[in-house]
Amino acid sequence: MRNVLYRRIPRDFKKNWVKYLGMLFILVSTIAVGSSYQAATGGVTKYTDDIVENNLQEDGYFEVTNKISNNDFLHFNEEKINVYENFYASENTYEETAKVLLFNERKSIDIPVIFEGEFPKNHNDIAIDHVFARARGIKIGNSITLVNKTFNVVGTVALPDYTSLFLNNTDLVMNTQNFGVSLLSEEGFNEIEDKYITYRYSYRYQDRNLENKDKKTKYEDMVKYLYTTGNSVNTFLPADQNQSIFFLPTDIGSDAPTMTAFVYILVAMIAFVFAILTNSNIEKEAVIIGTLRASGYTKGEIIWHYLQPTLIIALLGSILGNILGYTAMIGVFCNFYYKSYSVGPIPVTFNIPMFLLTTILPVAIMIGINSLMLWRKLRLTPLRFLRKELKSGKDRKARKLPNVGFMKRFGMRVIGQNRGSYITLFSGIFLSSFLLLFGIGIKPMMEHYTKTVDESLSYNYQYVLKAPTDVEGGERLYVQEFKTYFDLGKKDIGVSAFGIKKDSQFFKDAYVSNGISISSSLSDKMGLDVNDKLTVKDSMTDKEYTFTVNKIYDYKASMSIFMDQETLLKTMEKDEGTYNCILSNEELNIDQSCLIRRISRNDILGASDQLLVSFGTVLAVVNIFSVIIYLVMMYILTKVVIDKNALSISYMKVFGYEPKEIRKLFITPSTIVAMVSLVVCLPLEALCFKYLLIFLSSMIDGYLDFFLPAWVYLAIVGIGIVTYAVINIFHLRSINKIPMTDALKCRE
Amino acid sequence: MKLKVNNVHKFYGTNEARIEVLKGINCEVLDGEICVLLGPSGSGKSTLLNIIGGLESADEGCIDIGDFCTANMKERELSSYRRNNLGFVFQFYNLIPNLTVKENIEVCAHLTKNPLDIDDLLKTLGLEEHKDKFPNQLSGGQQQRCAIGRALVKNPSLLLFDEPTGALDYKTSKEILDLIEKINHKYKNTMIIVTHNSVIGEMADRVLKLHDGMITSNKLNESKVPAASLEW
């Protein structure tokens, strides 16, 4: 005969639908966020991987003043390099502020991906990069005037060589507002006046399995060949140095571990809440369990019975969360990428390891934690269940309470009796407040960062040069880019070594004659102090260098080390007097072709703005999500206290206690715990936030100082109080509903 | 099935607070007998019932029931012993509130391969009309009938009743005792009833009296009174 105990489950769901629905809602949302993030990130990764071969993404390009000859093509072909024309026209003053590149139709390299609409067919058709189109409000069907010609916008596209829109390769941040690319039909491109045209040639190595060092040799050979054959080369940029190509694949998924950890912490939290609910249910049903055990039900059968609601909710949450994640929610994260990166439609593919991470693992966490709790609880003998002796210790004595009024002592007893629920409530409040603190606090923190960097930055422009230039003005110094291992982040981070002179105008107090001084941001991030050793690596040569820190220089703008210029040159085996960087307060007229990188004050300060734009949607989701967790956790865990005390509440009503007094006895303890938790959690959350920042700061060029204005803390407490007040309305209603007849029924 | 209690001792507490609640109990209950265990509060009757039922273990001695001996049984074996041989009826019914009468009985039918016919049992219990009701829709007597049905449906060789009428009024108590008697005639289960009401002893085949952890009287009842005729 089939076990009829299973029939209790739908009835239990029906009776306690608010609790179960709340839990299901959090679980579905958590898993949906996790799976949609993973799916979107996986999709973008697949997209960036696929376009390399499917869309014949270039291995690099060069731009020349005049077209190269047939002989040049033949030479490159002999060198097993396919070179293709990839000409474009430049419109430098679109709506006075933006630069737009108009590329000719592409058939052999960097094949574009259509985003919306269609590719240009007619001479006056144009397809615009979708990120730029969105940023500038350009729609399909609009007319647009570029390079003295009016075009009809017939589609939006993504170009494989412009997945990130960097105006100059030397820029620190993308500029989706003021830089865009577009595509014309061959007929349309041929109608453009020559004066707008730039001769770009993009190339791909025939051997697709070349090692990096072989690619480097080939690239150097190409440069040499072009110079020696009299071609006037303006730009030569291999793909691995082209930010527009490499930025997205290296950036994508960098925050995946944080997101995964967030999902699992929430799932574990939900599992604990379930454990509390099940525990409370077991206490309520102790006699039934005792009877079932006395009748011959095994411990395993009872565990299985009480585990089923958790299993059903966990499975349902996983399935619905994944469905929601792969359908509705994925749009949020895809949009996040579409807003920032020029990628084609993100392929959403079913990835088994990813599916397991968002399905099996959450279910396993839920089942694991609940089984453990059930197993521990059901170690008691059937007789102890029958006698409702579920607490450990045979001769438990009532804890002596301070000699205060009855109402206060009663409240203390309620807190003591429900400490398990209250500990979980504390954890729930901690987690949701922390999320809220993150969601609300990140903006003022970034603003503070911008302000600090602005104050700290002693120059307005930094030019990193390919070769010395005869331009006048500025302070010349030698800069070497290193990598150093960031143990906490388990990754290499970039460090700029500035070789400066004693009388440096821009780094006045950074100079040390021996060893190095390091920027305070590097010191804070790496936890370095004076006399510590810092090992850095030149990624070009793989050579390692170890320096002793002699000074911490108060500088927040970058991860930098400073040392005597000649010492740095000697270390790097460079000639005396060599320089590759100019710092200046005024913009210098240095030719783009001489520059590796140009960083302006606005670029550095703009990094935080770009980050806020990119994370805007995610932060909004985090804020809404944390308030929901607040609501559900607080409701469920404080409701457990009322449910547990339903009989006592009924007694109190019979004894003649007023509703106000009953509220004082049974709701005030929960209110005290919730409010104390809210306040006590704040410094703990701030501490966690501080540690989280160390990871976050690896995403931007600097170290985010921990700074939260007082209003953020007040807002967290305020939101907590309002949320709790809303829940209290429901609790008051449920207390009023408890009938006095409960107390009068025959009970053991 | 014959039940034999062999020199059962039970202690509670440790060191100076150690109390011997059962002081070497020896007795037998024969197959199909109704045995009433009488005694005042604290005499050890519930402890003895729990040891017989495998809910508590004896510190010394053992219970023999059919081929089973409870001495040194592990938890899993005790569970199996209860599953295959015993049915429990408690003073406060202990029904599952969100299962109907029929479903409450089915809970234990699930534990055996050959349960009694549930519809027939419902008829015997007088619960046919109430089979789809939840426990809170029943009177105390009806709830206890249901609890008896739940214990009986496995058709166990031994039925244990712990103060089965303790929570019921006089009239309902008599009805329940009458039902127990009918069941004994119909299904021939061995029954042990723990009670402090000495009148119930009159319907029993055997009456064991316990006092201070010892059997003070073990008598076969030669002048059994039908349950319906009991008065107190």
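Residues numbered from 1 in each chain as written. Chains lettered and ligands numbered in written order. Predicted model: local features only at pLDDT ≥ 70, side-chain atom pairs only at ≥ 80, totals over all residues. Heavy atoms only, no water.

So, about the pairing of strand β10 (residues 197–205) of chain A. Residue and element names in this part refer to chain A. Of all 9 residues in β10, 9 are buried; the element is thus mostly enclosed. Judged by which residues are buried, β10 turns out to be covered on both faces: Ile-197, Tyr-199, Tyr-201, Tyr-203 and Tyr-205 on one side and Thr-198, Arg-200, Ser-202 and Arg-204 on the other are all buried. Judged from the 5 bridges that link them, strand β1 (residues 60–64) and β10 form a sheet pairing that is antiparallel. Paired with Glu-63 across the bridge in β10 is Arg-200. As paired elements, strand β3 (residues 88–94) and β10 share 2 bridges and run antiparallel to each other. Residue pairing across strands places Tyr-88 opposite Thr-198, the latter belonging to β10. (Buried < 20%, exposed > 50% of the residue type's maximum accessible area, 1.4 Å probe, protein only. Helix = DSSP H or I, 4+ residues; strand = E, 2+ residues; numbered from the N terminus. Pairing = 2+ DSSP bridges.)

Turning to the domain arrangement of chain A, a few remarks are in order. The figure often quoted for interface size is the accessible area lost as the parts come together. All names here are of chain A. Domain boundaries in chain A define domain 1 (1–51 + 253–396), domain 2 (66–231) and domain 3 (475–584). On a C-alpha basis, the centroid separation for the pair domain 1 and domain 2 is 50 Å. For the pair domain 1 and domain 2, the two sides together bury roughly 1,100 Å², of which 62% comes from carbon and sulfur. Area buried by domain 1 at its contact with domain 2 is led by Ile-51, Tyr-338 and Ser-342, which between them contribute 44% of it. Summed over the shared surface of domain 1 and domain 2, the result is 0 salt bridges. Between domain 1 and domain 2 we count 4 residue pairs in polar contact (both at pLDDT 80 or more) in total. Contributions of two or more residues to the side of domain 1 that touches domain 2 are made by α2 (17–54) and α10 (299–340). A total of 4 residues in the side of domain 1 that touches domain 2 trace back to one element, the largest contributor, which is α10. When the residues that make up the side of domain 1 that touches domain 2 are grouped by side-chain class, the tally is 6 nonpolar, 4 polar and 1 charged. (Domains from an automatic or database assignment. Buried area = accessible area lost by both parts, 1.4 Å probe. Salt bridge = Lys/Arg side-chain N within 4 Å of Asp/Glu carboxyl O. Polar contact = N/O pair within 3.5 Å; in protein donor to acceptor, adjacent residues only side chain to side chain. Nonpolar A, V, L, I, M, F, W, Y, C, P; charged D, E, K, R; others polar.)

Moving on, we come to the nonpolar core. Formed by 190 residues in total, the largest nonpolar core has its most connected members in Tyr337(A), Phe507(A), Phe689(A), Ile105(B) and Ile148(B). Of all hydrophobic cores here, the second largest spans 51 residues; its members include Phe87(A), Tyr94(A), Ala127(A) and Val131(A). (Core = buried A, V, L, I, M, F, W, Y, C linked by side-chain atoms within 4.5 Å.)

This part is about the interface of chain B and chain A. Across the contact, 30 residues belong to chain B and 28 residues belong to chain A. Both faces considered, chain B and chain A share a buried interface measuring about 2,600 Å² in area, 58% of it formed by carbon and sulfur atoms. The largest per-residue losses of area from chain B upon contact with chain A belong to Phe92(B), Asn98(B) and His110(B), which jointly make up 20% of the total buried on that side. The tally of links between chain B and chain A comes to 6 salt bridges. Between Arg11(A) and Glu103(B) there is a salt bridge, and its shortest N-O distance comes to 2.5 Å. Only α2 (75–85) and α3 (101–109) of chain B provide two or more residues apiece to the side of chain B that touches chain A. Of all the elements, α3(B) adds the most residues to the side of chain B that touches chain A, at 5 residues. A class-by-class count of the residues in the side of chain B that touches chain A yields 16 nonpolar, 6 polar and 8 charged. (Contact = heavy atoms within 4.5 Å.)

All names here are of chain B. Looking at the secondary structure, you find Gly-24 in strand β2 (residues 19–29). Residue Gly-24 is classed as partly exposed on the basis of its relative accessible area, which comes to 22%. Note: C-alpha distance between Gly-24 and Glu-106 (82 residues apart in sequence) is 38 Å. The contact partners of Gly-24, leaving out residues within four places of it in the chain, are Asn-7, Val-8 and His-9.

Another aspect to go through is unusual backbone geometry. Residues and elements named next belong to chain B. Non-glycine residue Tyr-93 carries a positive phi angle of around 65°. Mapped onto the fold, Tyr-93 is located in the loop between β6 (86–89) and α3. In this structure, Asp-212 takes a positive phi of about 50° despite not being glycine.

For the rest of this paragraph, the subject is the packing of aromatic side chains. Residue and element names in this part refer to chain A. Counted under the stated rule, the structure contains 43 aromatic pairs over all chains. Geometrically, the ring pair formed by Phe-430 and Phe-434 is stacked, given 6.3 Å between the ring centres and 10° between the ring planes. On the criterion of helical spacing, the pair formed by Phe-430 and Phe-434 is a turn pair, its members being 4 residues apart in helix α15 (residues 419–456). Three or more aromatic residues link up through ring pairs in this structure, and these residues are Phe-62, Phe-73, Phe-76, Phe-87, Tyr-199, Tyr-201, Tyr-203, Tyr-205, Tyr-219, Tyr-225 and Phe-236. Here Arg-106 stacks its cationic end above the ring of Phe-103, 4.4 Å away from the centre of that ring. Between Arg-200 and the ring centre of Tyr-61, over which it is positioned, the NZ or CZ distance is 3.6 Å. (Phe/Tyr/Trp six-rings, centres within 6.5 Å; stacked < 30°, edge-to-face > 60°. Lys NZ or Arg CZ within 6 Å of the ring centre and 35° of its normal.)

As a further point, take the environment of Lys102(B). All names here are of chain B. Considering the arrangement of structural elements, one finds Lys-102 in helix α3. Residue class for Lys-102 comes out partly exposed when judged on its relative accessible area of 23%. Lys-102 sits 14 residues away from Leu-116 along the chain, and the two C-alpha atoms are 13 Å apart. Discounting chain neighbours no more than four positions away, the residues touching Lys-102 are Ile-118, Asp-119, Leu-122 and Lys-131.

Taken N-terminus to C-terminus, the directions of helix α9 (residues 286–295) of chain A and α2(B) make an angle of 85°; their axes are 7 Å apart at the nearest point. When the axes of α9(A) and α2(B) are compared, the pair comes out roughly perpendicular. Listed contacts from α2(B) to Arg293(A), Ala294(A) and Ser295(A) of α9(A) are Glu75(B), Ser79(B), Arg82(B) and Arg83(B). Looking at the contact of α9(A) with α2(B), its residues break down into 1 nonpolar, 2 polar and 4 charged. (Axes fitted to C-alpha atoms, helices over the stretch in contact; angles between N-to-C directions. Parallel < 35°, antiparallel > 145°, perpendicular 65-115°, else oblique.)

Our next topic: helix α4 (residues 118–125) of chain B. An α-helix turns once every 3.6 residues. As a result, residues three or four positions apart point the same way. All names here are of chain B. When we look at burial in α4, the residues that qualify are Ile-118, Leu-121, Leu-122 and Leu-125. The buried residues of α4 all sit within an arc of 100° when viewed along its axis, so they share a single face. Along its buried surface, α4 packs onto α3, α5 (140–152) and α6 (170–187). In this structure Asp-117 caps α4, since a side-chain oxygen of it lies 3.3 Å from the backbone nitrogen of Asp-119. Following α4 by one or two positions, Gly-126 has its phi on the positive side, about 75°. (Arc of directions from axis to C-beta.)

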